[in-house]
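# Working through the structure, step by step
Here's the letter readout for the chains.
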Amino acid sequence: MEMIEIANKSRASQNKKELAILLALVKQIDPKVIVEIGVHQGYSMQTWKQAFPEAQVIGIENDTHAIDREATKDCYIIEADSHETDTQYSLLGNLRGNKIDFLFIDGDHSYDGVKRDWQLYVPLVSSGIVALHDIAVVNNEHVQVYKFWQEVKKNSQTVDIVIENGTGVIYL
């Protein structure tokens, strides 16, 4: 199935066109390990697994009551606060010595929250991709991803995918 088809059928909250572009970019690196911070209902995790069925897909979510367990049945979820060092250690145990190929950060949308997720998990990424969701949301005091995005993209190879809320992609 092509990435556009997978995106169009996805129940993930991302804009379908933004998601299709992101999937196409991630496909270029053929990810073996995908980690998502901020699982919510689990539909983007389901989308990663559909697009990359051989990949190990791990999610980190501190509030798991909304997760659709059927959608995430082929994924592993760490139920914990992504900002805690113990959560990073738990992830390291699940990675079993592997590095992350694709990291999707879509959890705490505060400036400090996104920055903390970046600090804890980007060092675990191999030569891969890190994506931040909601980089174009600027008129919401609770969503400050755009501020962090403007800082980290300065000295990196990046792609801004902005049709709706936006996804920023950084190549490491």
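Anyway, here's the lowdown on the structure attached to this text. (Residues numbered from 1 in each chain as written. Predicted model: local features only at pLDDT ≥ 70, side-chain atom pairs only at ≥ 80, totals over all residues. Heavy atoms only, no water.)

To continue, consider the pattern of salt bridges. Counting across every chain of the model gives four salt bridges. A salt bridge links Lys-32 to Asp-30, with the nearest nitrogen and oxygen atoms 2.6 Å apart. On the basis of relative accessible area, Lys-32 is assigned to the partly exposed category, the value being 46%. The shortest N-O distance in the salt bridge between Glu-70 and Lys-73 comes to 2.9 Å. (Salt bridge = Lys/Arg side-chain N within 4 Å of Asp/Glu carboxyl O. Buried < 20%, exposed > 50% of the residue type's maximum accessible area, 1.4 Å probe, protein only.)

What follows covers the packing of helix H5 (residues 111-121) against helix H6 (residues 145-152). Two elements in contact, H5 and H6, have axes separated by 8 Å at closest approach and are oriented at 45 degrees. Taken together, the axes of H5 and H6 lie oblique to each other. Crossing angle aside, the handedness with which H5 passes H6 is right-handed. Of the residues in H6, those touching H5 at Tyr-111, Val-114, Lys-115 and Trp-118 are Val-145, Lys-147, Phe-148, Glu-151 and Val-152. Residues belonging to the contact of H5 with H6 are distributed by class as follows: six nonpolar, no polar and three charged. (Axes fitted to C-alpha atoms, helices over the stretch in contact; angles between N-to-C directions. Helix = DSSP H or I, 4+ residues; strand = E, 2+ residues; numbered from the N terminus. Parallel < 35°, antiparallel > 145°, perpendicular 65-115°, else oblique. Left-handed = near helix turned anticlockwise from the far one by under 90°. Contact = heavy atoms within 4.5 Å. Nonpolar A, V, L, I, M, F, W, Y, C, P; charged D, E, K, R; others polar.)

Turning our eyes to something else, we now look at the sheet that holds strand E3 (residues 76-79). Pairing within the open sheet is mixed, and its seven strands lie in the order E3-E2-E1-E4-E5-E7-E6. The two strands at the open ends of the sheet, each matched to only one other strand, are E3 and strand E6 (157-161). Across this sheet, the average inter-strand angle for adjacent strands is 15 degrees, counted without regard to direction. (Pairing = 2+ DSSP bridges.)

The next thing to look at is the environment of Asn-8. Tracing the chain through its elements places Asn-8 in helix H1 (residues 3-9). Asn-8 gets classed as partly exposed once you look at its relative accessible area, which sits at 48%.

By secondary structure assignment, the location of Thr-85 is in helix H4 (residues 85-95). Here the alpha-carbon distance between Thr-85 and Ile-170, two residues 85 residues apart in the chain, equals 23 Å.

In this section: the packing of helix H2 (residues 16-27) against helix H3 (residues 43-51). It is at 11 Å that the axes of H2 and H3 come closest, and there the two elements cross at 45 degrees. With respect to H3, the axis of H2 lies oblique. Considering the relative orientation of H2 and H3, their crossing is right-handed. Across the interface between the two elements, Leu-19, Leu-22 and Leu-23 of H2 pack against Thr-47, Trp-48 and Ala-51 of H3. Classifying every residue of the contact of H2 with H3 by side-chain character gives five nonpolar, one polar and no charged.

Note that Glu-61 resides in strand E2 (residues 56-61). Buried charged residue Glu-61 carries no salt bridge. Nearest counter-charge: Arg-69, at 9.7 Å. Engagement of the side chain of Glu-61 in a polar contact is seen with the backbone nitrogen of Val-39, the distance being 2.8 Å. Residues contacting Glu-61, with those up to four places away along its chain left out, are Gly-38, Val-39, His-40, Ile-67, Ile-78, Glu-79 and Ala-80. (Lys, Arg positive; Asp, Glu negative; His and termini not counted. Polar contact = N/O pair within 3.5 Å; in protein donor to acceptor, adjacent residues only side chain to side chain.)

So, to be careful, I would describe these as geometric facts and stop short of saying anything about function.
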